There are 2 protein chains.
Amino acid sequence: MKDTSSTSSAVSLPDAQTRILDAAEAIVHSRGVSGLTLEAAARDAGVSKGGLLYHFASKEALLDALLRRLAGFFEQEYLGCVAAQPEGAGRIARAMLEWGFGQGEFACNERHDRAAAVFLAAFHHDPALLDPIRQVIARMRADIAADGLPPGHGDAITAAGDGMFMARIFRLYTPSEAERQAMRIALQRLLEFPR
Amino acid sequence: MKDTSSTSSAVSLPDAQTRILDAAEAIVHSRGVSGLTLEAAARDAGVSKGGLLYHFASKEALLDALLRRLAGFFEQEYLGCVAAQPEGAGRIARAMLEWGFGQGEFACNERHDRAAAVFLAAFHHDPALLDPIRQVIARMRADIAADGLPPGHGDAITAAGDGMFMARIFRLYTPSEAERQAMRIALQRLLEFPR
DNA sequence: AAGAACATACCGTCCAGCCGGTATAGTATC
DNA sequence: GATACTATACCGGCTGGACGGTATGTTCTT
C-alpha cells in the first residue's frame, strides 16, 4: 500500500503523491492559476503525466487533494494559535488577533501565499472544492460564538484578519508593520470588554 | 429576450460595448471564471464573435475594460458613502462601516457579487489588470490616514469590511443579519475614540 | 462611395483525459 | 526454485475538443 519511507535512498524523497501535490502548489504560486497543467505538475514532480494521472485521476481530483491537505494545515494552524493563548473568555478572539496581526510563528508567511494560490485555483475550477475549508471555518465560527465575548466582537476581529488576508492574496496593498500593529492595538479594544 | 434587431430606435438597447460588458459580467457571475469565453460573451450579448472582437481586440482588452468600469463604480460608491456621512473626524471610517455593515443603499447587493466575479476573472487572467482597483484603494487608504482617528482604527474597520467581502466572494459563510449588526456595533467602539 | 459595425469561416495551439505498454515486486502453485 | 499470475507504479504518445485570434466577407449608416 502506502510506503512513505523508501527503501535504500538516504535522502529519501517524499512519495510521488506528496511530490505532485507540492509541485502543483508551487506552480500555482509562482506561475499563477493558469500555469497549472497536468504536464507541468508532473514534470516538476519528476513523474510523467501518466504517472500523475495514476495517482490523481483527474485535474479536479488533484485540486481536491490539494484543498483537503490545505484545510488540514489550516485547521492545525488555527488549533496551534488557540493553544498558544491562555484560557479564559476571548481566547479564540485573541488567537485570531494573533493569527492575523501577530509577528511570530503564525504571522503571514510564504506558506500563506501558496495556500492562497491553491485556494484560488480550486475556486476557479469549481467553487464546491472549497467545502473542506468551509467546514473548518464553520468550526471556527462556532468556537467564536462560544468564546465568552459580547456577540460580534470576535467576528469583527476575525473579519479584520480575513480582510488583511485578502489584501495579501490580491496584492491590493501591503500595510507597513507599524500599520499592522496599530490595527492590532485598535482591535484589542474589542477584547477588553467584560460588559 | 428583447427585440434584437430593430431599426435604431432611440430608446431600447444599450450600445454593443455595454451589452458585451454586461454579458461578460453576467457570465462570470453565473457560470464562473472559466465560463467566460469570447464566444459565450458574444452570444449572450447578441453579437457574433467577430463583432465582439471588433470592440475588444482581445480577451485581455475585454477584461481590462470590465475592470476599469468596475473601478469607476467602486469609486463612485465609495464617494457616495462618504458623502452620506456628516463631516468631522472619522467620517471615512464611518462611511466604511456603513459600506460594509449597513443595511441601506450601500449594503451588500447583487451588484457586489458581479463585481467580485469580475475581480476574480481579471486576477486569474493577469493580476496586473487589478491596477485600476488598486489605485482607488490607495486613494481610500490615504483618506483613512487623514481621517482624524488614532492610527489603525480606520484601517481595522476597513479590513473587517474587506473580510466580509471576501467571505461573500468565496461563499465561505453567510452571517445572519443579527451577526452583521453585532459586528457593526462592536466596530463602532473604534469610532468613539477622541484620541 | 466609404467607413463603421458587424457576421462567417477558419486556423493553430493548448491541454485534459485516454490508452496501450513496461518494469518490478509479491504470491501461489507445482 | 522455477514458472505463472497478479497488483502496483509509472511511462509517453495520441486525440478530440475547446478556445483565442485572424482573415475575409456583408450590411448599415452617412
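Sequence positions are assigned chain by chain, starting from 1 and proceeding in written order. Whichever chain is written first becomes A and whichever ligand is written first becomes 1, with later ones labelled in order. In view of the model being predicted, local features appear only for residues whose pLDDT reaches at least 70, and side-chain atom pairs are presented and counted only at 80 or more, with totals across whole chains, interfaces and linings using the full set of residues.

All names here are of chain A. Note that domain bounds follow an automatic or database assignment of domains. By the assigned domains, chain A splits into domain 1 (1-57) and domain 2 (60-188). Remark: residues whose backbone-derived C-beta atoms lie within 7 Å of one another are considered to be in contact. Taken together, the contact pairs nine residues of domain 1 with twelve residues of domain 2. A breakdown of the residues in the side of domain 1 that touches domain 2 according to their chemical character gives seven nonpolar, one polar and one charged. All residues other than Ala, Val, Leu, Ile, Met, Phe, Trp, Tyr, Cys, Pro, Asp, Glu, Lys and Arg, Gly among them, are scored as polar; the first ten of these are nonpolar and the last four charged.

Another point: the protein's contact with DNA strand D. Residues are counted as near a molecule or strand when the C-beta atom, derived from backbone positions, lies within 6 Å of that molecule or strand. The local shell around DNA strand D holds 19 residues, among which Val47, Ser48, Gly50 and Gly51 of chain A together with Ser58 of chain B are the closest. Counting only elements with at least two residues in the surface near DNA strand D, the list comes to helix H3 (49-55) of chain A together with helix H2 (38-45) and helix H3 (49-55) of chain B. A total of six residues in the surface near DNA strand D trace back to one element, the largest contributor, which is H3 of chain A. Of the residues belonging to the surface near DNA strand D, the class tally is six nonpolar, nine polar and four charged. A helix here means a DSSP run of H or I that spans at least four residues, while a strand means a run of E at least two residues long, and both kinds are numbered starting from the N terminus.

Moving on to the protein's contact with DNA strand C. Lining the immediate surroundings of DNA strand C are 16 residues, of which Ala16, Val47, Ser48, Gly50 and Gly51 of chain B lie closest. Put simply, the parts of the chain that give the surface near DNA strand C at least two residues each are helix H2 (38-45), H3 and helix H4 (59-83) of chain A together with H3 of chain B. Residue contributions to the surface near DNA strand C peak at four residues, all from H3 of chain B. Residues that form the surface near DNA strand C fall into these classes: five nonpolar, six polar and five charged.

Residues and elements named next belong to chain B. Residue burial is a threshold on neighbouring C-beta atoms within 10 Å of the residue's own C-beta, all placed from the backbone, with 20 or more meaning buried, 12 or fewer meaning exposed, and counts in between meaning partly exposed. With eleven of its eleven residues buried, helix H5 (residues 91-101) lies for the most part within the structure. Turning to H5, its buried residues are Arg91, Ile92, Ala93, Arg94, Ala95, Met96, Leu97, Glu98, Trp99, Gly100 and Phe101. Lining the buried residues of H5 we find helix H4 (59-83), helix H7 (131-145), helix H8 (153-169) and helix H9 (177-188).

Facing the 37 residues of chain B at the interface are 36 residues of chain A. Secondary-structure elements contributing two or more residues to the side of chain B that touches chain A are helix H6 (110-125), H7, H8 and H9 of chain B. A total of eleven residues in the side of chain B that touches chain A trace back to one element, the largest contributor, which is H8 of chain B.

It is worth spelling out the packing of helix H8 (residues 153-169) of chain A against H8 of chain B at this point. Here the axes come from fitting lines to C-alpha atoms, over the contacting stretch only for helices, and the angles between their N-to-C directions go from 0 to 180 degrees. Two numbers describe how H8 of chain A lies on H8 of chain B: the axes approach to 6 Å, and their chain directions differ by 80 degrees. When the axes of H8 of chain A and H8 of chain B are compared, the pair comes out roughly perpendicular. Counting all contacts with H8 of chain A, which are made through Ala156, Ala159, Ala160, Gly161, Asp162, Gly163, Met164, Met166 and Ala167 of chain A, the residues of H8 of chain B involved are Ala156, Ala159, Ala160, Gly161, Asp162, Gly163, Met164, Met166 and Ala167 of chain B. Roughly parallel here means an angle under 35 degrees, roughly antiparallel means over 145, roughly perpendicular means 65 to 115, and every remaining angle is called oblique.

Let us now look at the environment of arginine 43 of chain A. When you line up the elements, arginine 43 of chain A lands in helix H2. Placed 79 residues apart in sequence, arginine 43 of chain A and alanine 122 of chain A show a C-alpha to C-alpha distance of 20 Å.

Placing chain B over chain A gives an RMSD of 0.2 Å and needs a rotation angle of 179 degrees, together with 0.1 Å of translation along the axis. On this basis, the relationship between the two copies can be described by a two-fold rotation axis. A shared interface surface links the copies, since 97% of the contact residues of chain B are contact residues in chain A too. We superpose the copies by least squares over the C-alpha atoms of residues that have a pLDDT of at least 70 in both of them.

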